[in-house]
Amino acid sequence: ARFSLLFALIISAINLAIGAVYGAIEGFYGGAVDMIMERISDILNDVPFIVVTSLFQLHLASKVGVVPSLLFAFVLTGWIGMASKTRMQFYRYILAARTLGAKDSRLMFKHIFPNAIGTLITSAVLTVPSVIYSESNMTYLGIVNLDSSNMTSLGTMLSQGTSMLTTYPHIILFPAIYISLLMISFNLFGNGLRDAFNPSLRGTEE
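The following refers to the structure shown. Since the structure is predicted, the reported quantities are computational estimates derived from the model, not experimental observations.

### Some thoughts on the packing of helix 1 (residues 2-29) against helix 5 (residues 66-78)
Then, in step 1: At a minimum axis distance of 10 Å, the contact between helix 1 and helix 5 shows a crossing angle of 40°. One finds that helix 1 runs oblique with respect to helix 5. For the crossing formed where helix 1 meets helix 5, the hand is right-handed. The segment helix 1 lies against helix 5, with Phe 3, Phe 7, Ile 10, Ile 11, Ile 14, Asn 15 and Ile 18 engaging Val 67, Leu 70, Leu 71, Phe 74, Val 75 and Gly 78.
Then, in step 2: When its residues are assigned to classes, the contact of helix 1 with helix 5 shows 11 nonpolar, two polar and no charged.

Below is the structure:
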């Protein structure tokens, strides 16, 4: 379970960093810059994740390793949602602040990012269960094989226990319970952070 959890946290942090910078540039400059960057996001967003993962495992894993290629697959499109949230936050504040004559650097780091940080942190936390679920699916289906890298994950444990399900059901039961509790915990934690940063959304589901 250590791999699944650490991998999800790393992916969440990387997507937060990329998405925040990309979305900030979109929302801050707007116009043609925003239009071009949004079209790039749309193209990447339409690429099926399972296709990206399969291609990376076939052609990239042999060069950089199974885990780095899986990381690249998650990062390729995982930052898009974070960028979209950052972009919306920037659009919300940019016009009013510019009207008051604020400088670009002060506008970005003193006004907009502090107001957007709550939304970004909440989104990053809610990304963790999504990554764990997707990674477990990939390893369970055998699309990603961690055996070659001497590592294991929740999906690998579930896959290995499937053949013994009828005689030793506990082998697959405990990993399944653990992944369920892990995903529920992070979703509850993320919703709690969202309520703390934005009380107006309290009681709604993310």
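### Structural notes on the side chain of Glu 135
Then, in step 1: Tracing the sequence through the fold places Glu 135 in helix 7 (residues 104-141).
Then, in step 2: Of note is the side chain of Glu 135, whose polar atom sits 3.0 Å from the side chain of Ser 4.
Then, in step 3: Beyond its immediate stretch of four places on either side in the chain, Glu 135 contacts Phe 3, Ser 4, Phe 7, Leu 70, Phe 74, Leu 146 and Ser 153.

Parameters and conventions
Residues numbered from 1 in each chain as written. Predicted model: local features only at pLDDT ≥ 70, side-chain atom pairs only at ≥ 80, totals over all residues. Heavy atoms only, no water. Axes fitted to C-alpha atoms, helices over the stretch in contact; angles between N-to-C directions. Helix = DSSP H or I, 4+ residues; strand = E, 2+ residues; numbered from the N terminus. Parallel < 35°, antiparallel > 145°, perpendicular 65-115°, else oblique. Left-handed = near helix turned anticlockwise from the far one by under 90°. Contact = heavy atoms within 4.5 Å. Nonpolar A, V, L, I, M, F, W, Y, C, P; charged D, E, K, R; others polar. Polar contact = N/O pair within 3.5 Å; in protein donor to acceptor, adjacent residues only side chain to side chain.

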